Amino acid sequence: MSNDILIVDDEKDIRELIGDILKDEGFPIRLAGNSDEAMAQINAEAPALLILDIWLKDSRMDGIDILKLVKRNMPDVPVVIISGHGNIEIAVAAIKQGAYDFIEKPFNIDQLLVVIGRAMEASKLRRENASLRKRETSPADMLGASPAFRKLRDQLDKVTKSNARVMLTGAPGSGKEMAARYIHAHSTRADAPFVTVTCAAIDPDRMEDVLFGRESPDRGIEKGLLEQAHGGIIYFDEVGDLPMGTQPRLLRVLTEQSFTRAGGANKVQVDVRVISSTTRNLPAEIAAGNFRQELFDRLNVVPVAVPALSERREDIVELAQHFIAGFHASQGLPLREIAADAASVLQTMDWPGNIRQLRNVIERILILGEGQGPIDPREVGGPAGSDESEGRVTLAAPMTALPLREARELFEREYLVTQINRFGGNISRTAGFVGMERSALHRKLKSLGVVSGHVVGED
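Residues numbered from 1 in each chain as written. Predicted model: local features only at pLDDT ≥ 70, side-chain atom pairs only at ≥ 80, totals over all residues. Heavy atoms only, no water.

A. Structural detail: the overall build of the chain. Along the chain, the regular secondary structure elements total 20 helices and 16 strands. Relative to its full complement of 459 residues, the chain shows a buried share of 44%. Intrachain contacts of the chain at a sequence separation of at least 6 include 69% that bridge at least 24 residues. Total accessible area on the chain stands at roughly 23700 Å², and carbon and sulfur atoms take up 50% of it. (Helix = DSSP H or I, 4+ residues; strand = E, 2+ residues; numbered from the N terminus. Buried < 20%, exposed > 50% of the residue type's maximum accessible area, 1.4 Å probe, protein only. Contact = heavy atoms within 4.5 Å. Areas by Shrake-Rupley, 256 points an atom, 1.4 Å probe, with all protein chains shown as cover.)

Structural data, given as structure tokens:
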């Protein structure tokens, strides 16, 4: 949205008079004499304020028609209606259709300036609120200190200032959209839109209308997501689900930075940066004929792998605490601490749903938990094989069939592998936690056939 005022009136003297008054007051302006000129100006760039005459001679649409289109497609643009044939019915109709105010001709200049001043202030507040909402949904902080997370953030920092296309890969729930929003928040496009295309959720038959928009005589111009993302970033979530029929059109957009809307004839120029993500093996999809090689090559300029939560177990407690604080602020849920033994359980659990699953678990604990005290292991849903009776552990059946020496070695090996993975392969921290000297832990790991958290001979 620009910061200027578009004045639409079929009488040249009137629109130029209003324009001169507003220029003297320091407002940038644009002028249009009929509905076609008005819609061309609006579609080129939405104004901060629209001053619109109801009666437009020699035009396909009158002011009310334009008002309806603007309020449907650009609801944040305030519209002030003016008319020399004004009456209370027209004023009421305009206000019902979303007009900010209504002024009759001949108008009082002071009254006109007061209304315009208020409308421009309303427009400014809407833009500021939109900017705040954008910042709220942007990841101000990506949390973590594990080696895997630091590597990810380093990669993201390297691509934020460029316009290179990025493809994010990783398991479901691992934070691919968070990584995309991090790029946006730290890029030169941070104040421009971040638009998400949820490829798996859009009906394939509607995908082209959703992406490219459409034009029709009765509904006018309906902008698609690509046009809405102009100047900013468009994020294709699960791009592997993009229909085969749509892929060539998107490829042309990436090549030409332009397209035509459905039902339209004119080229629409767009300036967008593309980020995509996938959980699929796209080279395998290409081999199977489900994805175009040329499109993959265009999207995969900078590949970035987002690690699973199992690769960054050191970050789990910090993430959990962040979610607790967030749920307390947004939903008023209890602001609870995490007991040390519960933290250990969280770090050693399996997380097939990754960060999304951790967030859901924390929300469930806060909703169903009793009291305000620290979260304990039973609330977390402790490791398989544990018993709620204090001091008891239920042994897995295969272990009970082993002699004591073999059972002890099996337990020690699995226990130490779990702890090493928990601390991201850091032997010093693992030794400190399990209560062994580092050299002694090395000897024990060697005797058990464990190297850096993996059993010798295993992949």
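B. Just the environment of Glu37, in detail. Residue placement: Glu37 occurs in helix H2 (residues 35–44). As for Glu37 and Ser59, which are separated by 22 residues in sequence, their C-alpha atoms are 9.5 Å apart. A polar contact is formed between the side chain of Glu37 and the backbone nitrogen of Gly33, at a distance of 2.7 Å. (Polar contact = N/O pair within 3.5 Å; in protein donor to acceptor, adjacent residues only side chain to side chain.)

C. Geometry of the nonpolar core. Core analysis: the largest hydrophobic core is formed by 31 residues, its most contacted members being Val197, Ile234, Phe236, Phe291, Leu295 and Leu299. Every element with two or more residues in this core is listed here: strand E7 (194–198), helix H8 (207–212), helix H9 (225–228), strand E10 (233–237), helix H10 (247–256), helix H11 (282–287) and helix H12 (293–299). (Core = buried A, V, L, I, M, F, W, Y, C linked by side-chain atoms within 4.5 Å.)

D. Molecular detail of unusual backbone geometry. In this structure, Gln257 is a non-glycine residue whose phi angle is positive, near 55°. With respect to the helices and strands, Gln257 occurs in the loop between H10 and strand E11 (258–260). Of note, the phi angle at Asn354 is positive, near 60°, even though the residue is not glycine. With respect to the helices and strands, Asn354 occurs in helix H15 (residues 354–368).

E. The sheet that holds E7, seen in detail. A sheet is described by the order of its strands in space; here 5 strands give the open sequence E7-E10-E13-E6-E14, paired in parallel fashion. Strands at the two margins of the open sheet, each flanked by one partner only, are E7 and strand E14 (302–305). Sheet twist, expressed as the mean angle between neighbouring strand axes with direction ignored, is 20°. With 4 bridges connecting them, strand E6 (residues 166–169) and strand E13 (residues 273–278) associate as parallel partners. In the sheet register, Val166 faces E13, and the bridge partner there is Ile275. Contacts between helix H6 (residues 147–159) and the sheet are confined to E6, E13 and E14, with E14 contributing the most and set at about 155° to the helix. Of the strands in this sheet, E6, E7, E10 and E13 are in contact with helix H7 (residues 176–185), which crosses E7 at around 155°. (Pairing = 2+ DSSP bridges. Axes fitted to C-alpha atoms, helices over the stretch in contact; angles between N-to-C directions.)

F. Local environment of the pattern of salt bridges. Tallying each qualifying case throughout the model produces 19 salt bridges. Put simply, Arg261 and Glu227 hold a salt bridge, and the shortest N to O gap is 2.7 Å. Of this pair, Arg261 sits in the loop between E11 and strand E12 (267–269) while Glu227 sits in helix H9; the two residues are 34 residues apart in sequence, bridging distant segments of the chain. Classification of Glu227 by relative accessible area gives buried; the value is 10%. Taken together, the salt bridges that share partners define one network made up of Glu215, Glu227 and Arg261. (Salt bridge = Lys/Arg side-chain N within 4 Å of Asp/Glu carboxyl O.)

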